[in-house]
Amino acid sequence: MNIAAKLRARRVESRNRRAVNHAIATAATPAMRDEILIMAQRQVTTIR
């Protein structure tokens, strides 16, 4: 993987992390927050 691709991947990962954090922070209910956390954890395990 070249340097540009690594930087691009890092940027995408950071953007996704911010989006998930924002979704968790603005979740309407604790149950919705839990669902977002579960989906985010599943996404991370399928990427690796």
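Heads up: these notes are all about the structure in this document. Note that the structure is a prediction, hence the values are computed from the model and not measured.

The rules behind each value
Residues numbered from 1 in each chain as written. Predicted model: local features only at pLDDT ≥ 70, side-chain atom pairs only at ≥ 80, totals over all residues. Heavy atoms only, no water. Helix = DSSP H or I, 4+ residues; strand = E, 2+ residues; numbered from the N terminus. Salt bridge = Lys/Arg side-chain N within 4 Å of Asp/Glu carboxyl O.

This brings us to the environment of Ala23. Tracing the chain through its elements places Ala23 in helix H1 (residues 3-25). For the pair Ala23 and Ile36, spaced 13 residues apart in the sequence, the C-alpha separation amounts to 7.4 Å.

Our next topic: the pattern of salt bridges. Taken as a whole and judged by the stated rule, the model has one salt bridge. The salt bridge partner of Arg17 is Glu13, with a shortest N-O separation of 3.1 Å. Within this pair, Arg17 and its partner Glu13 are both found in helix H1, separated by four residues, close to a single helical turn.

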